[in-house]
Amino acid sequence: MDMPHTGIEVRRPRVRSASFRALEKASRAEGYWMLTRLLAGWRDGSNRVSRRGEAVYGGFYGDELVGVCGLNVDPYIQGKREGRVRHLYVAAPFRRHGTGRTLVRSAIVTARDHFPALNVRATDEAFPFYEKLGFMRIEGEEFMTHRMEFQPLRRRPPLGKGHE
Ligand SMILES: CC(C)(COP(=O)(O)OP(=O)(O)OC[C@H]1O[C@@H](n2cnc3c(N)ncnc32)[C@H](O)[C@@H]1OP(=O)(O)O)[C@@H](O)C(=O)NCCC(=O)NCCS
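Counting of residues starts from 1 at the beginning of each chain's written sequence and follows it residue by residue. Only residues with pLDDT of at least 70 get local features here, since the model is predicted, and only at 80 or more are side-chain atom pairs given and counted; chain-wide, interface and lining totals rely on the full set of residues.

(A) Up close: the overall build of the protein chain. Within the protein chain, the regular secondary structure consists of four helices and seven strands. Strands here mean DSSP runs of E at least two residues long; helices mean DSSP runs of H or I at least four residues long; both are numbered from the N terminus. Taken from N to C terminus, the helices and strands of the protein chain fall in the order β-α-α-β-β-β-α-β-α-β-β. Atoms counted for the radius of gyration: C-alpha only. Globule rule: 2.2 Å times residue count to the power 0.38. Taking 2.2 N^0.38 as the reference for a compact globule, 164 residues should give roughly 15 Å; the C-alpha atoms of the protein chain span a radius of gyration of 15 Å, in line with that estimate. Overall, the C-alpha framework of the protein chain stretches about 45 × 35 × 30 Å when taken along its three principal axes. Exposure classes come from backbone-placed C-beta atoms, where a residue is buried if 20 or more other C-beta atoms lie within 10 Å of its own, exposed if 12 or fewer do, and partly exposed in between. For the protein chain, the residues scored as buried account for 32% of the 164 residues in total. For the protein chain, the proportion of contacts with a sequence separation of at least 24, taken over those separated by at least 6, is 58%. By the criterion used throughout, residues are in contact when their C-beta atoms, derived from the backbone, lie within 7 Å.

(B) Looking closely at the site of the ligand. Defining nearness, a residue is near a molecule or strand when the C-beta atom obtained from its backbone falls within 6 Å of it. With respect to spatial proximity, 18 residues lie near the ligand, and among them R95, T99, G100, R101 and P128 are the closest. Looking at the shell around the ligand, the elements that each hand over two or more residues are strand 4 (83-90), helix 3 (99-111) and helix 4 (127-132).

(C) Focus on the pairing of strand 7 (residues 146-149). Of the two faces of strand 7, the one holding H146 and M148 is buried and the one holding R147 and E149 is not buried anywhere. Examined bridge by bridge, strand 5 (residues 117-120) and strand 7 share four bridges and lie antiparallel to one another. Along strand 7, the bridge assignment pairs A117 with E149. Across two bridges, the pairing between strand 6 (residues 136-137) and strand 7 is antiparallel. Two strands qualify as a pair provided DSSP detects at least 2 bridges between them.

(D) Spotlight on the pairing of strand 2 (residues 55-61). Relative to strand 2, strand 1 (residues 9-11) is paired through three bridges, and the arrangement is antiparallel. Residue pairing in the sheet places E9 in a bridge with F60 of strand 2.

(E) Spatial organisation of the sheet that holds strand 1. Across the sheet, which stays open at both edges, the seven strands sit in the order 1-2-3-4-5-7-6 with mixed pairing between neighbours. Edge positions in the open sheet fall to strand 1 and strand 6, since each of these has one partner strand only. Both strand 3 (residues 64-73) and strand 4 contribute to a ladder of six bridges, which runs antiparallel. Bridging across to strand 4, V73 finds its partner in G83. The sheet strands contacting helix 2 (residues 34-44) are strand 3 and strand 4, and the helix crosses strand 4 at an angle near 120°. The axes used here are C-alpha line fits, helices contributing only the stretch in contact, and every angle between their N-to-C directions lies in the interval 0 to 180 degrees.

(F) Highlighting the nonpolar core. By definition, a nonpolar core groups buried Ala, Val, Leu, Ile, Met, Phe, Trp, Tyr and Cys residues that connect through C-beta atoms lying within 7 Å of each other. One finds C69, V85, L103, V104 and A107 to be the most contacted residues of the largest nonpolar core, which totals 29 residues. At the level of secondary structure, the elements contributing two or more residues to this core comprise helix 1 (18-29), helix 2, strand 2, strand 3, strand 4, helix 3 and strand 5. If we ignore the near neighbours within four places in the chain, the residues touching V85 are C69, L71, V104, A107, L118 and V120.

(G) Unusual backbone geometry, seen in detail. At V49, a position not held by glycine, the phi torsion is positive, near 50°. Counting through the fold element by element, V49 comes out in the loop between helix 2 and strand 2. What makes V49 partly exposed here is the crowd of 18 C-beta atoms within 10 Å.

Everything listed here is a matter of geometry and, on its own, says nothing about what the molecule does.
Encoded structure:
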């Protein structure tokens, strides 16, 4: 799918694979629960990330899964169909090498074809990350700290010149 200069390849991970479970275990050991929730939703069928516009991206270093990012229809927005970045996690040794950026950019590329906006509720330490990627800070919303709005498809400039 995508091969950035970091040597991380983005492709769809198998959520039930041993490599996913290994990454999920590493995330839990750090006190993060986003992959545990993704796995639980997948197992009980409540979130298979399979509706139109939804996707799970995996960042692979060779065969090793080192990062995950989910793109869901935003369950917190009523009456509108918007996207939400969820379950973003990069293994600690692979951080600050562009893996998170590559994963979220993949989600943005998909989201802009399916949703008018992409929302996220970031942890405090991830605020600079999302802002570097172009997300706007949103104040006073319980379920959203950052948002990226897309131009309607018909008003977009030709490919390569538009918003990412
Ligand atoms: C947040 C997270 C996904 C970022 O992934 P990453 O692979 O380290 O991010 P990148 O290397 O692609 O960072 C891209 C840019 O974001 C900014 N950034 C990333 N992490 C940052 C940090 N901790 N502090 C300040 N800026 C940061 C930097 O500008 C960085 O570019 P630079 O390294 O060239 O300066 C990763 O730190 C992580 O998994 N953290 C634990 C789980 C988590 O917080 N998930 C997010 C839940 S909303």
